[in-house]
Amino acid sequence: MPAGDFIVIGATSADTLTKGSSLVRSVNWEDENGDPLDLSEVDLSIIEASPQAIATEGSITVTDSLAGESELYVPAGITAALSVGRFASFRLKAIFSETSILVSQVITLEIT
């Protein structure tokens, strides 16, 4: 996950998110050295979502545990209900153990 105060999905011409389209994005989990985190025993979730439907109907799933790769999915029905602009946000959470928990920066969706 990149460093910074927040992440915006859909904010550039190379990364657009159109109202009513499904959101599918790869998410790579890395340590402070840029090495992939092992996701073999991790519990991934979407948290602090606004609107809450992003968390209840969306998902984050492991696609390659040893490479630290996962996929974020938000169904088209959710983005169809969003206003155009930057009005939706959430965080991703990875629980590796009771004492090892990572939470992403705020991720904001820019709908066009």
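Residues numbered from 1 in each chain as written. Predicted model: local features only at pLDDT ≥ 70, side-chain atom pairs only at ≥ 80, totals over all residues. Heavy atoms only, no water.

Draft legend 1. Examining the environment of Asp 38 more closely. Relative to the assigned elements, Asp 38 resides in the loop between β2 (23–28) and β3 (43–50). Along the chain, Asp 38 and Leu 66 lie 28 residues apart, while their C-alpha atoms are 4.8 Å from each other. Those residues in contact with Asp 38 that lie beyond four places of it in its chain are Ser 65, Leu 66 and Phe 96. (Helix = DSSP H or I, 4+ residues; strand = E, 2+ residues; numbered from the N terminus. Contact = heavy atoms within 4.5 Å.)

Draft legend 2. Examining the pattern of salt bridges more closely. Summed over the entire model, instances satisfying the criterion amount to two salt bridges. For Glu 48, the salt bridge goes to Arg 91, with nearest N and O atoms at 2.7 Å. Here Glu 48, found in strand β3, pairs with Arg 91, found in strand β6 (residues 85–97); they are 43 residues apart in sequence, far enough to count as distant. Relative accessible area serves as the criterion here: at 56%, Glu 48 is assigned to the exposed category. (Salt bridge = Lys/Arg side-chain N within 4 Å of Asp/Glu carboxyl O. Buried < 20%, exposed > 50% of the residue type's maximum accessible area, 1.4 Å probe, protein only.)

Draft legend 3. Representation of the pairing of strand β8 (residues 106–111) in the model. Counted residue by residue, β8 has five buried out of six residues, so it is predominantly covered. Two strands pair when backbone bridges link them, and β6 and β8 are joined in this way by five bridges, in the antiparallel orientation. Paired with Ala 88 across the two strands is Leu 109, which belongs to β8. (Pairing = 2+ DSSP bridges.)

Draft legend 4. A look at the side chain of Ser 70. Looking at the secondary structure, you find Ser 70 in strand β5 (residues 69–74). At 3.0 Å, the side chain of Ser 70 forms a polar contact with the side chain of Trp 29. Apart from residues no more than four positions distant in its own chain, Ser 70 is found in contact with Arg 25, Ser 26, Val 27, Trp 29, Leu 44, Ile 60, Thr 61, Val 62 and Thr 63. (Polar contact = N/O pair within 3.5 Å; in protein donor to acceptor, adjacent residues only side chain to side chain.)

Draft legend 5. Inspection of the sheet that holds β5 at higher detail. Pairing is antiparallel across the open sheet formed by three strands, whose spatial order is β2-β5-β4. Strand pairing shows two members of the sheet lacking a second neighbour, β2 and β4 (59–64), which therefore form its edges. Across this sheet, the average inter-strand angle for adjacent strands is 25°, counted without regard to direction. Taken together, the six bridges between β2 and β5 define a ladder with antiparallel strand orientation. (Axes fitted to C-alpha atoms, helices over the stretch in contact; angles between N-to-C directions.)

Draft legend 6. Molecular detail of the nonpolar core. The biggest cluster of nonpolar side chains holds 24 residues, and the ones touching the most others in it are Trp 29, Ile 46, Ile 54, Leu 72, Phe 90, Leu 92 and Leu 109. Mapped by element, the contributors of at least two residues to this core are β2, β3, α1 (53–57), β5, β6 and β8. Broken down by element, the residue count for this core peaks at four residues, all from β6. (Core = buried A, V, L, I, M, F, W, Y, C linked by side-chain atoms within 4.5 Å.)

Draft legend 7. Representation of the pairing of β4 within the structure. Direction of pairing for β4 relative to β5: antiparallel, over a ladder of five bridges. Directly across from Ile 60, in β5, lies its bridge partner Leu 72. What sits between β4 and β5 in their antiparallel hairpin is a turn of four residues, with Gly 68 showing a positive phi close to 70°.

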